[in-house]
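So the chains spell out like this:
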Amino acid sequence: MLWTEHGWVTIRRLDVASGKVDTLFSAPVASLTTIVIDSGEGIAYWTDAEHGTIERAKLGQPSVETLVTGLRFPGTIALDLIARKIYWGASEDPYQSSNGAIRRSDLDGTNVENVITGLQYQYGLAVDPIHGKLYWSAGGIERANLDGTQRERIIDQWANDL
C-alpha cells in the first residue's frame, strides 16, 4: 500500500504482511493536488496547485524535476506509459464556466498541447492506453480518444473522481 502526507510529497510503503513501513521519497510541496507513480521506472509525478507546476522525482532520490510551469489551476494527472505522455486537467479560473481543459505532454514535460477544451470543470482523469481512450469526470463521466476526438458523455450521474 502506498500513501502521501499533507504538505509533502512523502511516499510511504506498507508491507501488509510484516507491518513494516518504508519511506520511498519525501520532499516539501506547497499544495499537492494529485500524485501518480510509474512503478516500472520508479518515478512519482505530481501537481502543485500553489506553484502551478507538474513535477517528478525518482523514488529513493532527493532531487525534484519541474516539468511544466505556468499552470493556473493544475488538477488531476494520469500517465500513458505506452505513448509516454502525462495528461492533466487545468483551468484558467475554476469559478468561470467553459475555460477548463485537459492537456498532455511528453513525460519530460515537452510538447504541451490541449486535448479537450471548453470544460467547466474536471475532477477525475484516467487513461486507457490499450484501447486508446481518455476518461474524465465533469458532472458525469465523459470519454474521448487520446487525441481528443470522438468525445462523448457515457454516464450522466454525478461523479467526482475516477
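Up top you'll find the structure we're talking about.
Residues numbered from 1 in each chain as written. Predicted model: local features only at pLDDT ≥ 70, side-chain atom pairs only at ≥ 80, totals over all residues. Heavy atoms only, no water.

Asker: Account for the overall build of the chain, with residues named and values stated.
Answerer: The helix and strand inventory of the chain stands at zero helices and 14 strands. Sequence-distant contacts, at least 24 apart, represent 28% of the contacts inside the chain between residues at least 6 apart. (Helix = DSSP H or I, 4+ residues; strand = E, 2+ residues; numbered from the N terminus. Contact = heavy atoms within 4.5 Å.)

Asker: An account of the pattern of salt bridges is requested, with residue identities and associated values reported.
Answerer: A complete count under the given rule lists eight salt bridges for this structure. In this structure, Glu65 and Arg56 form a salt bridge, with 2.8 Å as the shortest nitrogen-oxygen distance. For the salt bridge of Asp106 with Lys85, the shortest nitrogen-to-oxygen distance reads 2.7 Å. Of this pair, Asp106 sits in strand E10 (residues 100-106) while Lys85 sits in strand E9 (residues 85-91), and the two are 21 residues apart along the sequence. (Salt bridge = Lys/Arg side-chain N within 4 Å of Asp/Glu carboxyl O.)

Asker: Summarise the sheet that holds strand E11 (residues 113-119); cite the residues concerned and give the values.
Answerer: One open sheet holds the four strands; their spatial order is E8-E9-E10-E11, and the pairing between them is antiparallel. Each end of this open sheet is capped by a strand with a single partner; those strands are strand E8 (73-80) and E11. Strand-to-strand, the axes of this sheet are offset by a mean angle of 20°, without reference to chain direction. As defined by bridge partners, E8 adjoins E9 across six bridges and the pair is classed as antiparallel. Bridged to Pro74 within E9 is Ala90. (Pairing = 2+ DSSP bridges. Axes fitted to C-alpha atoms, helices over the stretch in contact; angles between N-to-C directions.)

Asker: So, the pairing of strand E7 (residues 65-68): which residues are in play, and what are the values?
Answerer: Relative to E7, strand E6 (residues 53-58) runs antiparallel, the two being bridged by three bridges. Along E7, the bridge assignment pairs Glu55 with Thr66. Linking E6 back to E7 in an antiparallel pair, the connection comprises six residues, with Gly60 at a positive phi of about 85°.

Asker: Which residues make up unusual backbone geometry, and what values do they have?
Answerer: Positive phi values are uncommon outside glycine, yet Arg84 reaches one of about 60°. Looking at the secondary structure, you find Arg84 in the loop between E8 and E9. By relative accessible area, which is 38% here, Arg84 ends up partly exposed. Unusually for a residue other than glycine, Asn111 sits at a positive phi of about 60°. Residue placement: Asn111 occurs in the loop between E10 and E11. (Buried < 20%, exposed > 50% of the residue type's maximum accessible area, 1.4 Å probe, protein only.)

Asker: Could you give me a rundown of the environment of Val68, with the residues and numbers involved?
Answerer: Looking at the element boundaries, Val68 is found in strand E7. A relative accessible area of 7% places Val68 in the buried class. Here the alpha-carbon distance between Val68 and Asp108, two residues 40 residues apart in the chain, equals 8.7 Å. With residues up to four places along the chain from it excluded, the contact list for Val68 reads Gly52, Thr53, Ile54, Trp88, Ser105, Gly109 and Val112.

Asker: Talk me through the pairing of strand E4 (residues 32-38); I want residue IDs and the actual numbers.
Answerer: The sheet contact formed by E4 and strand E5 (residues 43-48) spans five bridges and is antiparallel. Of the residues in E5, the one forming a bridge with Leu32 is Asp48.

Asker: Break down the sheet that holds E7 for me, with residues and values.
Answerer: Note on sheets: strands pair through backbone hydrogen bonds, and any given pair is parallel or antiparallel. The strand order across the open sheet formed by four strands is E4-E5-E6-E7, and the pairing between neighbours is antiparallel. The strands lining the two open edges of the sheet, one partner per strand, are E4 and E7. Averaged over all neighbouring strand pairs, the angle between strand axes comes to 25°, with direction disregarded.

Asker: I'd like a description of the environment of Asp80, backed by residues and values.
Answerer: Topologically, Asp80 is positioned in strand E8. Sequence-distant contacts of Asp80, that is, excluding residues within four places in its chain, are made with Lys85, Tyr87, Val127, Pro129 and Leu146. Here Ala83 takes part through its backbone nitrogen, which lies 3.0 Å from a polar atom of the side chain of Asp80. (Polar contact = N/O pair within 3.5 Å; in protein donor to acceptor, adjacent residues only side chain to side chain.)

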